[in-house]
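One-letter residues, chain by chain:
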Amino acid sequence: MPRLSCWFIRAALLHLFLGFTFGGLLLFHKGVPLYPALWRFLPAHIEFLFFGWTVQLVMGIGFWIFPRFRRSRGNEKPAWLAFGLLNLGVGLVALATLFSLPPLVSFLGRLAEVGAAIAFAWHAWPRLKPPGVTRSS
Ligand code: HEM
């Protein structure tokens, strides 16, 4: 497995842990109320599990298994950028919702997430081809 996929999947598992922990607390709180402000965890729960876990896992596996040009995965820099931006974005949005930070923080987080999607598409686009088609055709 390439190094970047390891990082994507490790980070995805970390987000899975955080998202499930928050989800578990919320679920428990629905049955046995613990503390009303716990509902503040809901946006972070969604952020960790949707972008931090699901999207990140897809990117990590995609980087690993999309078709290669002989042994090369093409331009890897945008994929590393996607990894950085996605984790920055999820972190900013989660912190902004947990600590009621100014809306600008969430906005910057969302911007980073959009940037991650664009950067990953930039990396992956040339690799999306039917079997037997070479880079030049
Ligand atoms: C990939 C996994 C998951 C995703 C993408 C996810 C996503 C979401 C979303 C989008 C909501 C908001 C639903 C709404 O407002 O109508 C939500 C709510 C919730 N989730 Fe998750 N979730 C996941 C797994 C879990 C797990 C494993 C637990 C518990 C251990 C959990 C516990 C909860 C609870 C308690 C709520 C609040 C429900 C309510 O509004 O009454 N979630 N989740």
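In what follows, the structure referred to is the one given above.
Keep in mind that this is a model prediction, so the values were computed, not measured.

Visitor: Summarise the overall build of the chain; cite the residues concerned and give the values.
Guide: Within the chain one finds 4 helices and 0 strands. If you line up the chain on its principal axes, its C-alpha atoms span 60 × 30 × 20 Å. Buried positions account for 36% of the 137 residues belonging to the chain. Intrachain contacts of the chain at a sequence separation of at least 6 include 76% that bridge at least 24 residues.

Visitor: So what's going on with the site of the ligand? Which residues, and what values?
Guide: By nearness alone, every residue bordering the ligand is listed as Phe20, Gly23, Gly24, Leu26, Leu27, Lys30, Trp39, Leu42, His45, Ile46 and Leu49. With respect to the ligand, the side chain of lysine 30 contributes an N or O atom lying 2.2 Å from an oxygen atom. Within the side chain of histidine 45, one N or O atom sits 2.9 Å away from a nitrogen atom of the ligand. The greatest single-element share of the shell around the ligand, amounting to 6 residues, is contributed by helix H1 (residues 3-31).

Visitor: Describe the packing of aromatic side chains, with residues and values.
Guide: Tallied over the entire structure, the rule returns 6 aromatic pairs. On the basis of an interplanar angle of 80 degrees and a centroid distance of 5.0 Å, the ring pair of phenylalanine 50 and phenylalanine 51 is categorised as edge-to-face. The structure contains a cluster of three or more aromatic residues connected by ring pairs, namely Phe8, Phe66, Phe83 and Phe120. Between arginine 10 and the ring centre of tryptophan 7, over which it is positioned, the NZ or CZ distance is 5.3 Å. Here the basic side chain of arginine 127 rests over the ring of phenylalanine 63, its NZ or CZ set 5.7 Å away from the ring centre.

Visitor: I'd love a proper account of a nonpolar patch on the surface, names of residues and values included.
Guide: A contiguous nonpolar patch, built from Leu25, Phe28, Val32, Leu34 and Tyr35 and spanning about 490 Å² of accessible area, is present on the exposed surface. Position of tyrosine 35 among the secondary structure elements: in the loop between H1 and helix H2 (41-65). Owing to a relative accessible area of 55%, tyrosine 35 belongs among the exposed residues under this scheme.

Visitor: Please set out the coordination of the iron atom of the ligand residue by residue, giving values where relevant.
Guide: The sole protein-derived ligand of the iron atom of the ligand is His45 (NE2), positioned 2.1 Å away. Inspection of the secondary structure puts histidine 45 in helix H2.

Visitor: Run through helix H4 (residues 103-124), naming residues and quoting values.
Guide: Compared with the 32 Å implied by 1.5 Å per residue over 22 residues, the 32 Å span of H4 between its first and last C-alpha is a close match. Turning to H4, its buried residues are Val105, Gly109, Ala112, Glu113, Ala116, Ala119, Phe120, His123 and Ala124. Within H4, the buried residues cover an arc of 125 degrees as seen down the axis, which keeps them to one side. Exposed side chains of H4 directed beyond 90 degrees from the buried face belong to Pro103, Leu104, Ile118 and Trp122. Turning to H4, the residues buried within the fold contact H2 and helix H3 (77-98).

The rules behind these values
- Residues numbered from 1 in each chain as written.
- Predicted model: local features only at pLDDT ≥ 70, side-chain atom pairs only at ≥ 80, totals over all residues.
- Heavy atoms only, no water.
- Helix = DSSP H or I, 4+ residues; strand = E, 2+ residues; numbered from the N terminus.
- Buried < 20%, exposed > 50% of the residue type's maximum accessible area, 1.4 Å probe, protein only.
- Contact = heavy atoms within 4.5 Å.
- Near = heavy atom within 4 Å.
- Polar contact = N/O pair within 3.5 Å; in protein donor to acceptor, adjacent residues only side chain to side chain.
- Phe/Tyr/Trp six-rings, centres within 6.5 Å; stacked < 30°, edge-to-face > 60°.
- Lys NZ or Arg CZ within 6 Å of the ring centre and 35° of its normal.
- Patch = residues over 30% accessible without salt bridge, like charges linked within 9 Å, V, L, I, M, F, W, Y side chains within 5 Å.
- Areas by Shrake-Rupley, 256 points an atom, 1.4 Å probe, with all protein chains shown as cover.
- Salt bridge = Lys/Arg side-chain N within 4 Å of Asp/Glu carboxyl O.
- Donors = N, O, S within 2.8 Å, 3.2 Å for Na, K, Ca; no water.
- Expected span 1.5 Å × (residues − 1).
- Arc of directions from axis to C-beta.

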